[in-house]
Amino acid sequence: MTAHHPTRRSILRSAGGLGAALAFGAAGSLPAAAADNGFGLTVVDRNESDPRMRYYRFRTAAIGWNPAVNVLLPDDYWSSGRTYPVLYLFHGGGTDQDFITFDRMGVRDWTAGKPIIVVMPDGGHAGWYSNPVSSNVGPRNWEEFHINQLLPWVEANFRTFAEYDGRAVSGFSMGGFGALKYAAKYYGHFASVSAHSGPASLRRDGGLVAHWANASSAALDLAGGTVYGVPLWDQARVSADNPVERIESYRNKRVFLVAGTSPSPVDWFSSVNEPQVLAGQREFRSLLDRAGIPHDSHEVDGGHIIRPDLMRLDIDGIIDRLRKA
């Protein structure tokens, strides 16, 4: 898309009832504007001093504590006046995983000089990108927070393409599952979906992944509550979330998959998780093939880890697929 030519007058952006006036400076650059409240989100903490990485923490009725997000902007965001595609990038599960995960791993370097906004929100230690069947600690409705609150808030406060061809979703491990789930369940939201060591089949092997989602969420997030219900699952919810049961929902999307083939036997976490990821992704890929839906799939050495080289490859493919800044 051709860059907008700045003028001396102020520009008023309005979306979902929110407006923010941005005035062009003498040098033709856009000064940083503070993000506003809206869509059920109240900003309770922020750091907008870094021209690329913006941090926000919210109060929301969807989550019983205050979740945060990092928004990584392109190098030229404040000078170009352009509108950009956006990638929603989801972290994995565990007590050491949160909205900062990808900043620790090098996302600033992965995206340096590239025309894309990257949104990295909290997803809970074991939130599974879901609204759980039950919780003993108050609301933990991550799906509500991400889809109905955060996504429109981002589009109201940053220059993004608020359309199908303007959005991608990707993630690692639990976040890869969340990406696959959201891309299918909210078909018109995302034109590209990526799962880096993300499970793609909830029911295989006696429902191992769904049982793990229940057990991990009960232990780490919900004080005995569960994502899918115990002793009986909410079967409709499992089917709605299960990528292998939503194959047609990946048609006309870019699909990017990564799974490890050789987890270290001394790495208990990888040796338990990655074989199930690999088997589920193979099942998913076979169903995509049968339906004639293309995908870009990578089976690589190693276990349940983030692979920076494939993250970079994925980001380049996302930029190629989405609407151009």
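Given the structure is predicted, the values throughout are model-derived calculations rather than measurements.

Visitor: Is there a simple way to explain empty space enclosed by the protein in this structure?
Guide: The probe, sized like a water molecule, is rolled over the atoms to show the empty space still left. One pass over the structure, following the stated rule, counts four cavities of 30 Å³ or more. The space that makes up the second largest cavity amounts to roughly 40 Å³. Of all elements in the fold, only β6 (86-90) and α4 (142-157) reach the threshold of two or more residues within the lining of the second largest cavity. Taken together, the residues of the lining of the second largest cavity break down into seven nonpolar, one polar and no charged.

Visitor: Mind showing me how you'd approach the pattern of salt bridges here?
Guide: What the rule picks out here adds up to 22 salt bridges. The partner of Arg 104 in a salt bridge is Asp 98, with the nearest N and O atoms 3.4 Å apart. One salt bridge in this structure joins Lys 185 and Glu 143, with 3.0 Å as the shortest N-O distance. Of the two residues, Lys 185 is situated in helix α5 (residues 174-185) and Glu 143 in helix α4; the sequence distance between them amounts to 42 residues.

Visitor: Explain the layout of surface pockets here, please?
Guide: Quantified by volume, the largest pocket comes out at close to 370 Å³. Along its surface, the largest pocket is lined by 20 residues, and Trp 128, Ser 173, Trp 212, Phe 269 and Asn 273 are the ones closest to its centre. Only α6 (204-220) and α8 (268-291) provide two or more residues apiece to the lining of the largest pocket. Of the residues forming the lining of the largest pocket, the biggest block, six residues, is contributed by α8. Here the residues of the lining of the largest pocket are counted per class, giving 12 nonpolar, eight polar and no charged.

Conventions we followed
- Residues numbered from 1 in each chain as written.
- Predicted model: local features only at pLDDT ≥ 70, side-chain atom pairs only at ≥ 80, totals over all residues.
- Heavy atoms only, no water.
- 1 Å grid on protein atoms, 1.4 Å probe; cavity = no way out; pocket = protein on both sides within 12 Å on 5 of 7 lines; lining within 4 Å.
- Points joined across faces, edges and corners; volume = space filled by probe spheres on them.
- Helix = DSSP H or I, 4+ residues; strand = E, 2+ residues; numbered from the N terminus.
- Nonpolar A, V, L, I, M, F, W, Y, C, P; charged D, E, K, R; others polar.
- Salt bridge = Lys/Arg side-chain N within 4 Å of Asp/Glu carboxyl O.

In short, geometric facts, not functional conclusions.
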